[in-house]
Amino acid sequence: MTGESSKKSRNHHSPSTIVVTGTAGYIGGSLLRALEEDRNVKSVVAVDLKKPSFEIKKTRFYKLDLTETLADVQLAEILKKEKCDTLVHCAFPMTPPKNMAFAHELISIGTMYVFNACAEARVRKVLLASTTDVYGAFPSNPNFLEEDIHEPKGSHQSPFLADKIDAERQALKYAKKHPDRLVTILRFATILGPTVKSYKTRFLRRPIVTTILGFDPLVQFIHEEDVIQALKQALAKDSPGIFNITG
């Protein structure tokens, strides 16, 4: 785990109730499965429009559409009822969907509702699952990007990435407005693994992968199991700030 942090890492903390959004998606669902199997985690809440595709035993599920008006009010009620200590926001599509209008509502507006709810319910800690794609792919990029020098510019290339950058900005704004709370942003490099399905993994699964002759850029990946380990580490240890998670 590498990256920039506005504060030093704090002591390990065992959250009383962990709420995970986007559990029908890949990252949220994988994290939920890991928390279900973790004996040290006593209380888990899943929030999404659809129930997880696997059996849940100790998790309580709440059906909620984060794109609906007043979703923040409904989520705040859930967080208060469950006495939520930590929320992991994973309700983000990995691959740009065909319906970009819905993607905008889910990523930008949905994140706004999540942080409104966290403010109302006084949630102590929020983790945001993001991507290193927010930096953008530019010919002028150096081999190694530094967070304090190279700001995310992916919004110049994709509305999808613009929404993800907006979600990050909302997280940073929330952290600044509520200095007594803790916010961690985890930017994952391209995730690879046997169960990952995205436009990148579909490309790499082709019998022949085309490349540009004479051009061999540095590319970073991370295994799907390491993604979950990074999330669990961030849950166990208070480390506010932005972290780039790479292999």
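**Some details on empty space enclosed by the protein**
One way to see where empty space is left: roll a probe the size of a water molecule over the atoms.
Inference 1: With the rule as written, the count across this model stands at one cavity of 30 Å³ or more.
Inference 2: Computed from the structure, the largest cavity encloses a volume of approximately 40 Å³.
Inference 3: Along the walls of the largest cavity sit Phe92, Leu128, Ala129, Ser130, Lys164, Ala167 and Glu168, which together make up its complete lining.
Inference 4: Among the elements of the structure, strand 6 (125-131) and helix 4 (159-177) are those that each provide at least two residues to the lining of the largest cavity.
Inference 5: In terms of residue class, the lining of the largest cavity is made up of four nonpolar, one polar and two charged.

**Points about unusual backbone geometry**
Inference 1: Not every positive phi belongs to a glycine, and Leu70 is a case in point at roughly 70°.
Inference 2: For Leu70, the location among the structural elements is in the loop between strand 4 (59-63) and helix 2 (71-81).
Inference 3: Overall, the relative accessible area of 52% leaves Leu70 in the exposed class.
Inference 4: Although it is not a glycine, Lys83 adopts a positive phi angle of roughly 50°.
Inference 5: Mapping Lys83 onto the fold places it in the loop between helix 2 and strand 5 (86-89).

**Focus: the packing of aromatic side chains**
What describes a pair of aromatic rings is the distance from one ring centre to the other and the angle between the planes of the rings.
Inference 1: Under the defined criterion, the tally for this structure stands at one aromatic pair.
Inference 2: Ring centres 4.9 Å apart and planes at 45° place the aromatic pair Phe115 and Tyr174 in the tilted group. Placement of Phe115 in helix 3 (residues 100-121) and of Tyr174 in helix 4 is noted, with a sequence separation of 59 residues between them.
Inference 3: Over the aromatic face of Phe138 sits the side chain of Lys153, whose NZ or CZ is 4.8 Å from the ring centroid.
Inference 4: The positively charged end of Arg187 is found above the aromatic ring belonging to Tyr135, 5.0 Å away from the centroid.

**Here's the deal with the environment of Asp72**
Inference 1: Relative to the assigned elements, Asp72 resides in helix 2.
Inference 2: Taking the relative accessible area as the measure of exposure, Asp72 reaches 16% and is therefore buried.
Inference 3: When the C-alpha atoms of Asp72 and Ala117 are compared, they prove to be 5.0 Å apart, with 45 residues separating the residues in sequence.
Inference 4: Only 3.3 Å separates the side chain of Asp72 from the side chain of Asn116, close enough to count as a polar contact.

**Description of the pattern of salt bridges**
Inference 1: Counted by the stated rule, this structure contains ten salt bridges.
Inference 2: The partner of Asp38 in a salt bridge is Lys232, with the nearest N and O atoms 3.3 Å apart. Pair noted here: Asp38 is in the loop between helix 1 (26-37) and strand 3 (44-48) and Lys232 is in helix 6 (residues 224-236), with a separation of 194 residues, a long-range link.
Inference 3: Residues Asp133 and Lys200 are paired through a salt bridge, measuring 2.9 Å at the closest nitrogen-oxygen approach. Remark: Lys200 occurs in helix 5 (residues 199-204) and Asp133 occurs in the loop between strand 6 and helix 4; sequence separation between them is 67 residues.
Inference 4: Assessed through its relative accessible area of 25%, Asp133 is described here as partly exposed.
Inference 5: The class of Lys200 is partly exposed, set by a relative accessible area of 21%.

Rules behind the numbers
- Residues numbered from 1 in each chain as written.
- Predicted model: local features only at pLDDT ≥ 70, side-chain atom pairs only at ≥ 80, totals over all residues.
- Heavy atoms only, no water.
- 1 Å grid on protein atoms, 1.4 Å probe; cavity = no way out; pocket = protein on both sides within 12 Å on 5 of 7 lines; lining within 4 Å.
- Points joined across faces, edges and corners; volume = space filled by probe spheres on them.
- Helix = DSSP H or I, 4+ residues; strand = E, 2+ residues; numbered from the N terminus.
- Nonpolar A, V, L, I, M, F, W, Y, C, P; charged D, E, K, R; others polar.
- Buried < 20%, exposed > 50% of the residue type's maximum accessible area, 1.4 Å probe, protein only.
- Phe/Tyr/Trp six-rings, centres within 6.5 Å; stacked < 30°, edge-to-face > 60°.
- Lys NZ or Arg CZ within 6 Å of the ring centre and 35° of its normal.
- Polar contact = N/O pair within 3.5 Å; in protein donor to acceptor, adjacent residues only side chain to side chain.
- Salt bridge = Lys/Arg side-chain N within 4 Å of Asp/Glu carboxyl O.

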